[in-house]
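Residues per chain are reported as follows:
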Amino acid sequence: MAAMPTTLIPDNDPSLPSVGIFWGVPDGAPSNRVLVIDATPLNHAEPYGAALTHARGHYDVWEAWQALGPAGLKRRGLPAAIAWSEYETHPRGRIVYDTATCVFTIYADRRIQVPDFIQRIVSAFGLTEAQFVVRGDSHYRS
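### Observations concerning the nonpolar core
Okay, step 1: Formed by 20 residues in total, the largest nonpolar core has its most connected members in F22, I95, I106, I121 and F125.
Okay, step 2: For this core, the secondary-structure elements that each account for two or more residues are strand 2 (18–27), strand 3 (29–41), strand 6 (92–98), strand 7 (103–108) and helix 4 (115–124).
Okay, step 3: Top contributing element to this core by residue count: helix 4, with five residues.
Okay, step 4: If you look at the next biggest cluster of nonpolar residues, it comprises 12 residues, including V25, W65, L73 and I82.

### Regarding the packing of aromatic side chains
Okay, step 1: Tallied over the full model, the rule gives six aromatic pairs.
Okay, step 2: Taking the centre distance of 5.0 Å and the plane angle of 45° together, the rings of W23 and W62 count as tilted. Remark: W62 occurs in helix 1 (residues 58–67) and W23 occurs in strand 2; sequence separation between them is 39 residues.
Okay, step 3: Between W62 and W65, the aromatic rings sit 6.3 Å apart at their centres with planes inclined by 55°, giving tilted as the arrangement. Highlighted residues: W62 and W65, both in helix 1, separated by three residues, approximately one helical turn. The residues W62 and W65 share a single accessibility class, namely buried.
Okay, step 4: In textbook terms, an aromatic cluster arises when at least three aromatic residues are bridged by ring pairs, as seen for W23, W62 and W65.

Cut-off values and rules
- Position labels on residues start from 1 in each chain and follow its written sequence.
- In keeping with the predicted nature of the model, local features appear solely for residues at pLDDT of at least 70, side-chain atom pairs appear and are counted solely at 80 or more, and the whole-chain, interface and lining totals rest on all residues.
- With hydrogens and water set aside, each side-chain value is computed from the structure's full complement of heavy atoms.
- Only buried residues count toward a nonpolar core. Its members are Ala, Val, Leu, Ile, Met, Phe, Trp, Tyr and Cys residues joined through side-chain atoms within 4.5 Å.
- Only protein chains enter the accessibility calculation, which uses a 1.4 Å probe. A residue is then buried if its area is under 20% of the maximum for its type, exposed if over 50%, and partly exposed in between.
- Numbering of helices and strands starts at the N terminus; helices are DSSP runs of H or I of at least 4 residues and strands are runs of E of at least 2.
- Between the rings of Phe, Tyr and Trp (Trp by its six-membered ring), a pair exists once the centres lie within 6.5 Å; its type follows the angle of the planes, with under 30 degrees stacked, over 60 edge-to-face, and the other angles tilted.

Purely spatial values, then, with no claim about function.
Shown next, in the form of structure tokens:
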């Protein structure tokens, strides 16, 4: 399997731990998934009970990206599949931070809970030095 690129959206600094949402979107062959993210640095995350989370949801972000059209997606380095597919078609997930335990939780569709893809998520969200757990969730099934 070929190495899969990571697309960071918008201007995320992977050296800062972040929370956010992500997808594994096909780019060319269906087995070649690009990691596409929308992230918020932890110091700007929204409180949600005992957690810090990303304010935007999958639907809203996907709709905004689709509004860019194929040319706009290409300019932003986003896969063309976004233009013609719905947000729930592709495996997706969310990262939240538990302020009580100081642990990040990566909620992800089981289809992308593989070591290579999880490592790309960890790198893209700046979690390489952070404690994290990976869990499934009924919201993130494609």
